[in-house]
Amino acid sequence: MRLKEHLKNGDMEIAQVVLRIAKVTKTISRGFATRQGISDSSNIYGEQQLAMDKWADELILSDLKASGLVRFFASEEQPDILKFDSSSDIGVTIDPLDGSSLIGVNLAVGTIVGIYRGDVLSPGSEMVGAMYVLYGPLTTLNYCLGEGVHEFLLNEHDEFVLQAENLTIPDSKIYAPGALRRDYLPFHKRYIETLEDDGYKLRYSGSFVADVHQILHKGGIFTYPGFKGREEGKLRLLFEANPMGYIITEAGGATSDSQQSILSIKPESISQRVPVYIGGRREIELIEKIRKGE
Ligand code: AHM
Ligand code: MG
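Note that the coordinates shown come from a computational prediction; the quantities given were computed from them, not determined experimentally.

I would appreciate a short explanation of the coordination of the magnesium ion (ligand 2) in the present structure.
Six octahedral donors around a metal ideally make angles of 90 or 180 degrees; four tetrahedral donors ideally make 109.5 degrees. At the metal site, the magnesium ion (ligand 2) is ligated by Asp-95 (OD), Asp-98 (OD) and Glu-240 (OE), and these contacts range over 1.9 to 2.2 Å. Of the residues examined, Asp-98 reaches a relative accessible area of 5% and is grouped as buried.

Is there a simple way to think about the sheet that holds strand E11 (residues 221–224) in this case?
Strand pairing in a sheet relies on backbone hydrogen bonds. The paired strands run either parallel or antiparallel. Here we have 5 strands laid out as an open sheet, ordered E10-E9-E11-E13-E12, and mixed in their pairing. Looking along the sheet, the strands with just one partner apiece sit at the ends: strand E10 (201–202) and strand E12 (254–256). Both strand E9 (residues 174–177) and E11 contribute to a ladder of 3 bridges, which runs parallel. Residue pairing across strands places Ala-176 opposite Phe-222, the latter belonging to E11.

I would appreciate a short explanation of the site of ligand 1 in the present structure.
Close to ligand 1 lie 13 residues, the nearest being Glu-76, Gly-99, Phe-208, Tyr-224 and Lys-234. In the model, an oxygen atom of ligand 1 is placed 3.4 Å from a nitrogen or oxygen of the Ser-100 main chain. Contact distances for ligand 1 include 2.7 Å between an oxygen atom and a backbone N or O atom of Phe-208. Protein burial of ligand 1: of its 470 Å² of free accessible surface, 71% is covered by the chains. Here the residues of the shell around ligand 1 are counted per class, giving 4 nonpolar, 4 polar and 5 charged. Two domains each donate at least three residues to the shell around ligand 1, and these are domain 1 (3–164) and domain 2 (174–292).

Please clarify how the confidence of the model for the chain should be interpreted in this entry.
Regions with low pLDDT should not have their predicted coordinates read in detail. The predicted model of the chain has a mean per-residue pLDDT of 94, with 95% of residues at 70 or higher. With pLDDT under 50 throughout, residues 37–50 is counted as low confidence; its partners more than four residues away or in other chains account for 15 contacts.

Is there a simple way to think about the side chain of Ser-86 in this case?
Inspection of the secondary structure puts Ser-86 in the loop between strand E2 (82–83) and strand E3 (90–98). If we ignore the near neighbours within four places in the chain, the residues touching Ser-86 are Gly-68, Leu-69, Val-70 and Arg-71.

Explain the packing of helix H4 (residues 186–197) against helix H7 (residues 281–292) to me, please; I cannot follow it from the model alone.
Helices that pack against each other are described as a pair by the angle of their axes relative to one another and the distance between those axes. Two elements in contact, H4 and H7, have axes separated by 9 Å at closest approach and are oriented at 140 degrees. Between H4 and H7, the angle is such that the two are oblique. Considering only the axes of H4 and H7, their crossing is right-handed. When H4 is examined against H7, the residues Phe-187, Arg-190, Tyr-191, Thr-194 and Leu-195 are found in contact with a partner set consisting of Glu-283, Leu-286, Ile-287, Ile-290 and Arg-291.

I would appreciate a short explanation of the pairing of strand E6 (residues 139–144) in the present structure.
Remark: a regular strand shows side chains that alternate across the two faces of the sheet. Counting buried positions over the 6 residues of E6 gives 6, a clear majority of the element. Burial of E6 is two-sided: the residues Thr-139, Leu-141 and Tyr-143 facing one way and the residues Thr-140, Asn-142 and Cys-144 facing the other way are all buried. Sheet topology places strand E5 (residues 129–135) next to E6; 6 bridges connect them, and they run antiparallel. Bridge assignment links Met-131 to a residue of E6, and that residue is Tyr-143. For E6 and strand E7 (residues 150–154), the ladder comprises 4 bridges, and the chain directions are antiparallel. Residue pairing across strands places Asn-142 opposite Glu-151, the latter belonging to E7. Between the end of E6 and the start of E7, which pair antiparallel, lie 5 residues, with Gly-146 showing a positive phi angle near 90 degrees.

Reading the values: the criteria
Residues numbered from 1 in each chain as written. Chains lettered and ligands numbered in written order. Predicted model: local features only at pLDDT ≥ 70, side-chain atom pairs only at ≥ 80, totals over all residues. Heavy atoms only, no water. Donors = N, O, S within 2.8 Å, 3.2 Å for Na, K, Ca; no water. Buried < 20%, exposed > 50% of the residue type's maximum accessible area, 1.4 Å probe, protein only. Pairing = 2+ DSSP bridges. Helix = DSSP H or I, 4+ residues; strand = E, 2+ residues; numbered from the N terminus. Near = heavy atom within 4 Å. Polar contact = N/O pair within 3.5 Å; in protein donor to acceptor, adjacent residues only side chain to side chain. Areas by Shrake-Rupley, 256 points an atom, 1.4 Å probe, with all protein chains shown as cover. Nonpolar A, V, L, I, M, F, W, Y, C, P; charged D, E, K, R; others polar. Domains from an automatic or database assignment. pLDDT = per-residue confidence, 0-100. Contact = heavy atoms within 4.5 Å. Axes fitted to C-alpha atoms, helices over the stretch in contact; angles between N-to-C directions. Parallel < 35°, antiparallel > 145°, perpendicular 65-115°, else oblique. Left-handed = near helix turned anticlockwise from the far one by under 90°.

Set out below in C-alpha cells:
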C-alpha cells in the first residue's frame, strides 16, 4: 500500500502536509548522489555538508510556502518562526537534515518533522503528528498521526510503500549515549553505570534520528543528557526531541528530560535545548528514579 492510500482515512489537511513533505524528501534522497558524491578532501566536504543542510531546508520551506497548507513554519536552520499565507492553522517544525556531520562518511541521516494545529511553541503533547525520513542504505519514512506508528520504504519506482504498521518498541538492552563521559552529571553517570552493570550494549552512530530509529525497532534507550558546562543538553526540544519523542511514546515507549516527560515541557523559544532520554518505559522509569534519589 502506498503512503497516499494509507493516509486517506485521517485528517485530509494534515495528510496533504505529510504527502508534500514526503515528496520533497524523495528529492533530498536523490540529492546525496547528485549533489554530494563520496570523494574529495575533508575541507571541501565541510562546505558541501553545509550546503546540503541549507538546500534541504530551502526545498522544504519553499514547497510548504507554495502549498498554502501551512501557516506556521519553524526550522532548525531559521532564526524565527515564519508565517505563511494560508487559511489553515497548521504549524510545522523541521530539522531538514539531522546528523548532517555524518554525510561525509556515508552514515544515515534524516529529516524530522513535527506537526501542530496552531502555535508550534506548544508542549509536544499537543502535536497532532510527527514523521521522519531516514536516508540510509534505504530511504524509509515513519509517521504517526495519533493512531499508530507506521513505516514506509521508498521503492525502485520512487513510491513510499508500506513496510510495517503499528510498530511497538520491544524490550532490549541497547543504550545509545551522547555527550562526553568525563562531563556526565553525577546522576547520569549512575544511570549509565547501572545500564552497563545490567549488560546493556553500546549502539551509537552520532545521528540522533538514526539512533532513535534503531531504538524504535530494537528497544533500549537513546540519551543525549545535560552535561557539565551545558546542563540543558545539546538537542533541540522543538526540532529533535519532541517529534521523535512523540513517535516513540505512540509506539509504547516514553521520553524524559530526567524528571518529566519531554512532551510536557512548554517551549519558551524555538532554539530551546533539552536533556534527552528516549526509549523503553523501563529505561525512562529508571532515569527518573535515579534522578529523584539524588
Ligand atoms: P545536527 O542537527 O547539527 O545534526 O546536530 C544534532 C546531532 C544529533 O544527530 C546527534 O545525536 C548529536 O548532534 C551528536 O552530537 P555530538 O557529535 O556533538 O555528540
Ligand atoms: Mg538535528
